[in-house]
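# Summary of the model geometry
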2 protein chains.
Amino acid sequence: MALIVQKFGGTSVGTVERIQQVAEKVKKFRENGDDIVVVVSAMSGETNRLIDLARQVSDDQPVPRELDVMVSTGEQVTIALLAMALIKRGVPAVSYTGNQVRILTDSAHNKARILQIDDQKLRNDLKAGRVVVVAGFQGVDEHGNITTLGRGGSDTTGVALAAALKADECQIYTDVDGVYTTDPRVVPQAQRLEKITFEEMLEMASLGSKVLQIRSVEFAGKYNVPLRVLHSFQEGPGTLITLDEEETMEQPIISGIAFNRDEAKLTIRGVPDIPGVAFKILGPISAANIEVDMIVQNVSHDNTTDFTFTVHRNDYQNAQQVLENTARELGAREVVGDIKIAKVSIVGVGMRSHAGVASRMFEALAKENINIQMISTSEIKVSVVIEEKYLELAVRALHTAFELDAPARQGD
Amino acid sequence: MALIVQKFGGTSVGTVERIQQVAEKVKKFRENGDDIVVVVSAMSGETNRLIDLARQVSDDQPVPRELDVMVSTGEQVTIALLAMALIKRGVPAVSYTGNQVRILTDSAHNKARILQIDDQKLRNDLKAGRVVVVAGFQGVDEHGNITTLGRGGSDTTGVALAAALKADECQIYTDVDGVYTTDPRVVPQAQRLEKITFEEMLEMASLGSKVLQIRSVEFAGKYNVPLRVLHSFQEGPGTLITLDEEETMEQPIISGIAFNRDEAKLTIRGVPDIPGVAFKILGPISAANIEVDMIVQNVSHDNTTDFTFTVHRNDYQNAQQVLENTARELGAREVVGDIKIAKVSIVGVGMRSHAGVASRMFEALAKENINIQMISTSEIKVSVVIEEKYLELAVRALHTAFELDAPARQGD
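It should be emphasised that the depicted structure is a prediction, and the values quoted were computed from it without experimental measurement.

Regarding its fold elements, chain A presents 13 helices and 20 strands. Its C-alpha atoms give chain A a radius of gyration of 24 Å, near enough to 22 Å, the size a compact globule of 412 residues would have. Counting across all 412 residues of chain A, residues that qualify as buried make up 56%. Here chain A displays about 17800 Å² of accessible surface, and carbon together with sulfur accounts for 47% of that area. Placing the 43 positive and 56 negative side-chain charges of chain A at their respective mean positions leaves the two points 3 Å apart.

Attention now goes to the sheet that holds strand S16 (residues 304–312) of chain B. All names here are of chain B. An order of S15-S16-S14-S17 is seen for the 4 strands of this open sheet, with the pairing classed as antiparallel. Each edge of the open sheet is held by one strand with a lone partner, namely strand S15 (292–297) and strand S17 (334–338). Ignoring strand direction, the axes of neighbouring strands in this sheet form an average angle of 15 degrees. In the sheet, strand S14 (residues 263–272) pairs with S16 via 8 bridges, with the strands oriented antiparallel. Pairing of Lys265 across the sheet is with Thr310, part of S16. The strands that helix H10 (residues 277–287) touches are S14, S15 and S16; relative to S16, the one it contacts most, it runs at about 25 degrees. On top of the sheet, helix H11 (residues 316–330) reaches S14, S16 and S17; it is set at about 0 degrees to S14, its chief contact.

Next up on the list: the confidence of the model for chain A. Close inspection of predicted coordinates is inappropriate in any region flagged by low pLDDT. Confidence along chain A averages 91 in pLDDT terms, with 95% of residues attaining 70 or more. With pLDDT under 50 throughout, residues 408–412 of chain A is counted as low confidence; its partners more than four residues away or in other chains account for 7 contacts.

Take the sheet that holds strand S15 (residues 292–297) of chain A next. Residues and elements named next belong to chain A. A sheet is described by the order of its strands in space; here 4 strands give the open sequence S15-S16-S14-S17, paired in antiparallel fashion. The open sheet is flanked by S15 and strand S17 (334–338), the only strands paired with a single partner. Within the sheet, the average angular offset between the axes of one strand and its neighbour, ignoring direction, is 15 degrees. Helix H10 (residues 277–287) contacts strand S14 (263–272), S15 and strand S16 (304–312) of the sheet and is inclined by roughly 25 degrees relative to S16. Its contacts with the sheet put helix H11 (residues 316–330) on S14, S16 and S17, and the angle it makes with S14 is roughly 0 degrees.

At the interface, 44 residues of chain B touch 44 residues of chain A. On the chain B side of the contact with chain A, Val57, Glu66 and Met84 of chain B bury the most area, a combined 21% of that side's loss. Counting across the interface, chain B meets chain A through 4 salt bridges. One salt bridge connects Arg49 of chain A with Glu46 of chain B, and the closest N-O pair in it is separated by 3.8 Å.

Turning our eyes to something else, we now look at the UniProt feature "domain: ACT" (unreviewed entry) in chain A. Sequence positions flagged by UniProt for "domain: ACT" (unreviewed entry) are, in local numbering, residues 266–340 and 346–412 of chain A. Taken end to end, residues 266–340 of chain A has its terminal C-alpha atoms 11 Å apart, with 35% of it in helix and 36% in strand.

Residue and element names in this part refer to chain B. In contact at an axis separation of 9 Å, H10 and H11 are set at 145 degrees when each is read in the N-to-C sense. Here H10 runs over H11; the crossing is right-handed. Of the residues in H11, those in contact with Val277, Lys280, Ile281, Pro284 and Ile285 of H10 are Ala319, Val322, Leu323, Thr326 and Leu330.

Residues and elements named next belong to chain A. At the junction of Val101 and Arg102, the peptide bond is cis and its omega measures out at 10 degrees in the coordinates. One non-glycine residue, Asn289, lies in positive phi territory at about 65 degrees. Residue placement: Asn289 occurs in the loop between H10 and S15. The exposure class assigned to Asn289 is exposed, which follows from its relative accessible area of 70%.

Below, the discussion takes up the relation of the copies chain B and chain A. Take chain B, turn it by 179 degrees, move it 0.0 Å along the axis, and it overlays chain A with an RMSD of 0.2 Å. What the rotation and shift describe, once combined, is the action of a two-fold rotation axis. When each C-alpha of chain B is compared by its distance to the rotation axis, Thr73 of chain B comes out closest, at 2.8 Å. In this assembly, 100% of the residues forming the interface of chain B have copies in chain A that are likewise at the interface, indicating an isologous arrangement.

Another aspect to go through is the packing of aromatic side chains. All names here are of chain A. On inspection of all chains with the given rule, the structure shows 6 aromatic pairs over all chains. Both rings, one in Phe8 and one in Tyr173, keep their centres 4.4 Å apart while their planes meet at 10 degrees; by these two values the pair is stacked. On the criterion of sequence distance, the pair formed by Phe8 in strand S1 (residues 3–8) and Tyr173 in strand S9 (residues 169–174) is long-range, its members being 165 residues apart. With a relative accessible area of 0%, Phe8 lands in the buried category. Residue classification places Tyr173 among the buried positions, given a relative accessible area of 3%.

A few words on helix H4 (residues 73–88) of chain B. Compared with an ideal rise of 1.5 Å per residue, which puts 16 residues at 22 Å, H4 of chain B spans 23 Å between its outermost C-alpha atoms and is within 8% of the ideal. Immediately beyond the C-terminal end of H4 of chain B, within one or two residues, lies Gly90 of chain B, with a positive phi of roughly 80 degrees.

Before going further, it helps to examine the pairing of strand S12 (residues 239–242) of chain A. All names here are of chain A. Burial along S12 is two-sided: Thr239 and Ile241 and Leu240 and Thr242, pointing in opposite directions, are all buried. Here strand S11 (residues 227–231) pairs with S12 via 3 bridges, running antiparallel. Bridged to Arg228 within S12 is Leu240.

On to the pairing of S14 of chain A. Residue and element names in this part refer to chain A. For S14, the tally of buried residues reaches 8 of 10 residues, placing the bulk of the element in the interior. Strand direction decides the pairing type here: S14 and S17, joined by 5 bridges, are antiparallel. Bridge assignment links Leu266 to a residue of S17, and that residue is Gly337.

Once that is clear, we can look at the side chain of Gln20 of chain A. Considering the arrangement of structural elements, one finds Gln20 of chain A in helix H1 (residues 16–31). Ignoring anything within four residues of it in the chain, the contact list for Gln20 of chain A reads Ala85, Lys88 and Arg89 of chain A together with Gln56 and Val57 of chain B.

We now examine the pattern of salt bridges. All names here are of chain B. Considering all chains together, one arrives at 44 salt bridges over all chains under this definition. As a salt-bridge pair, Asp35 and Arg30 come within 3.3 Å of each other at their nearest N and O atoms. Of the residues examined, Asp35 reaches a relative accessible area of 16% and is grouped as buried. The salt bridge partner of Lys343 is Asp293, with a shortest N-O separation of 2.2 Å. Of this pair, Lys343 sits in strand S18 (residues 341–347) while Asp293 sits in strand S15, and the two are 50 residues apart along the sequence. Classification of Asp293 as partly exposed rests on a relative accessible area of 36%.

Residue and element names in this part refer to chain B. If you trace the backbone, Ser216 turns up in helix H9 (residues 214–222). Classification of Ser216 as buried rests on a relative accessible area of 0%. A sequence separation of 62 residues divides Ser216 from Ser154, and the C-alpha atoms of the two residues are 8.8 Å apart.

Attention now goes to the side chain of Arg228 of chain B. All names here are of chain B. Inspection of the secondary structure assignment puts Arg228 in strand S11 (residues 227–231). Here Glu169 takes part through its side chain, which lies 2.7 Å from a polar atom of the side chain of Arg228. For Arg228, the contacting residues outside a window of four places in its chain are Glu169, Cys170, Gln171, Ile172, Pro237, Thr239 and Leu240.

Our next topic: helix H13 (residues 391–401) of chain A. Residue and element names in this part refer to chain A. Of the positions making up H13, those classed as buried are Leu391, Ala394, Val395, Ala397, Leu398 and His399. Of the surrounding secondary structure, the elements contacted by the buried residues of H13 are strand S13 (256–260), strand S18 (341–347), helix H12 (357–367) and strand S20 (381–387). Once H13 ends, the next one or two residues include Glu403, with phi positive near 60 degrees.

Criteria and cut-off values
Residues numbered from 1 in each chain as written. Chains lettered and ligands numbered in written order. Predicted model: local features only at pLDDT ≥ 70, side-chain atom pairs only at ≥ 80, totals over all residues. Heavy atoms only, no water. Helix = DSSP H or I, 4+ residues; strand = E, 2+ residues; numbered from the N terminus. Rg over C-alpha atoms; globule rule 2.2 N^0.38 Å. Buried < 20%, exposed > 50% of the residue type's maximum accessible area, 1.4 Å probe, protein only. Areas by Shrake-Rupley, 256 points an atom, 1.4 Å probe, with all protein chains shown as cover. Lys, Arg positive; Asp, Glu negative; His and termini not counted. Charge placed at Lys NZ, Arg CZ, Asp CG, Glu CD. Pairing = 2+ DSSP bridges. Axes fitted to C-alpha atoms, helices over the stretch in contact; angles between N-to-C directions. Contact = heavy atoms within 4.5 Å. pLDDT = per-residue confidence, 0-100. Buried area = accessible area lost by both parts, 1.4 Å probe. Salt bridge = Lys/Arg side-chain N within 4 Å of Asp/Glu carboxyl O. UniProt positions renumbered as here; feature names shortened; annotations may be inferred. Left-handed = near helix turned anticlockwise from the far one by under 90°. Least-squares fit on C-alpha atoms with pLDDT ≥ 70 in both. Phe/Tyr/Trp six-rings, centres within 6.5 Å; stacked < 30°, edge-to-face > 60°. Expected span 1.5 Å × (residues − 1). Polar contact = N/O pair within 3.5 Å; in protein donor to acceptor, adjacent residues only side chain to side chain.

Have a look at this one:
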């Protein structure tokens, strides 16, 4: 008998029929003897409908406090519907809004952060045999104002509740049956991972695998809440995201291949190589609210250096202008850029204990005659920037090189 | 400078455009220097949409607690929209749900009663120059469960807030421009009343004038909250409903003619005239959950009596069966009934100080050859039951007889 927090997103509760299916699923877990807390989002489309209404009365600039009052009704409808559907099936259930639980947040309307969760009511209900249905994405500040956590925040609610209740597992139900070694649309041999660590998941997520909200994974890692990604309406074990507890021989070196095409590259050439030059280059970029991802500075020669970084493609033109100014001020030789790039990364905690992972990556790419433009490494990740047209080829080559194509892996 | 509570129903806030119009109206009052608390219902259609969803997941029997969680979202959306629309117009405003105010109710879900209103927040906001927008129809019980007051309960919220805040007036905005001497569809010469007493309004309302919820009028009378019925989108003074403070010479004897066609009549004939017979007849009717309206017992002759009462037409067949059983037990002669009846009433506090009002009514009906089947009187009302086909004729005759046809009345 376990205590499980289950989170169902907007698509999973998008119609009355789907809410009935979710109720059936929850009922099965109850019948297994598990204690269940369910977190739900608004029915898909509802949040957008409400935001649209709000925009209509307020010239596209809804007052944040009032927007939260409105938008939070979306989940409030779903919790009541799911509780009704459960009770109809003979499963005692009760619904709570964020305020009723009480999920205390700061007062940053539309993007609030959870400060504290009162678990007393929930524990009493669980003890009394009730399934507790909680509205995701919302809370209340110390003055009683309704707040929302920002879009997609229901994952965070699920993880936060699981942490507060010390749940055995937080299950996130989605429209995919787990986390894959890479995008199956690019590599048909991609496989579902049985397990992945929080760190790996963060690297995968930030690199473009949109299965989970980054914030909820960070949160789960911080409080060590085992997270499981599962398909809402298909049976299957999904993917478990946990701490890296068992570094066994069988552990694969690489868990997955992530990639994205959203970046562009900028290089400033022939910069005088003096202390503080990196700040002089990136300071103005950051002042223009442009986020920088990869940064590479080559070894200096004849007292000048080349400095390259990547930004989101949407920020490319702005960044280029800022950089031209900087180049003039610093007396740099030139600014060059390229938007037709892609980033490919291998991710895995296994690389901590295995040497030569990076060179194996470079070898695989070299075999396919793919030129590497930039390299950046972290403890559990190696990223390279390549020409965009080689992206699929590179991902497939790496997937094979790191033996991710093989049929069902065992023992991990 | 007055403190005014304004209530706008579902039709008045049924679209974004109408919410904008309401915001303009409230803004004008603010600019006059009045302090304003606005109570709003759900946008028209929204409550039905939510109830329909609830029925779908629960085989037409939604759990009352969860239904309240759902249905209360309707007003929650409207308060936020109206607050946004006000703020956009430069009018400082803040919205509150029933829970946020805190409108404390009992725990009778779907038909809760208000126990207490915390006016502190509202007073602070008013003092700070804000318009306060409150969700009608909803509250919270002592355990933090969301409750609703039952349909149409927004009027009650308005009156209760006005009472708690000792407001100068509670304005109910509707789709009519006031209370009329009778239904203008029946009597084109019907006139809007400038003023009417709570008692008269109760008699008018319970007899079929559906301008205001009966409960809210009772409530307003109990706490002496001046109520005003006005048209949402037309200018005009509406009708003021107050205590009967000034019994002047000019006061009209009769304020209005009410009528309804929803009743049916049942007579049990030749009942032994012994003590307790009325209870023996009406006890089983009431036990069958049938409400009785008028009751008439004729003077007894040869130790038996005739006993007649009216019930709602929907209950006619049930009542008849119950009465047949009673007749057998009591050894009564027969049970007869008629559904083709109508009730017509004259209502007015003026009759307290004027003799001969009833006979003037009977005279007017006799002149038109309308036979009176039953008579029932109260301090400020005389009701008669007549054959249904004479209804319009009777109402017009009485409207003229009591001089309600005349052009605009003055001095009351």
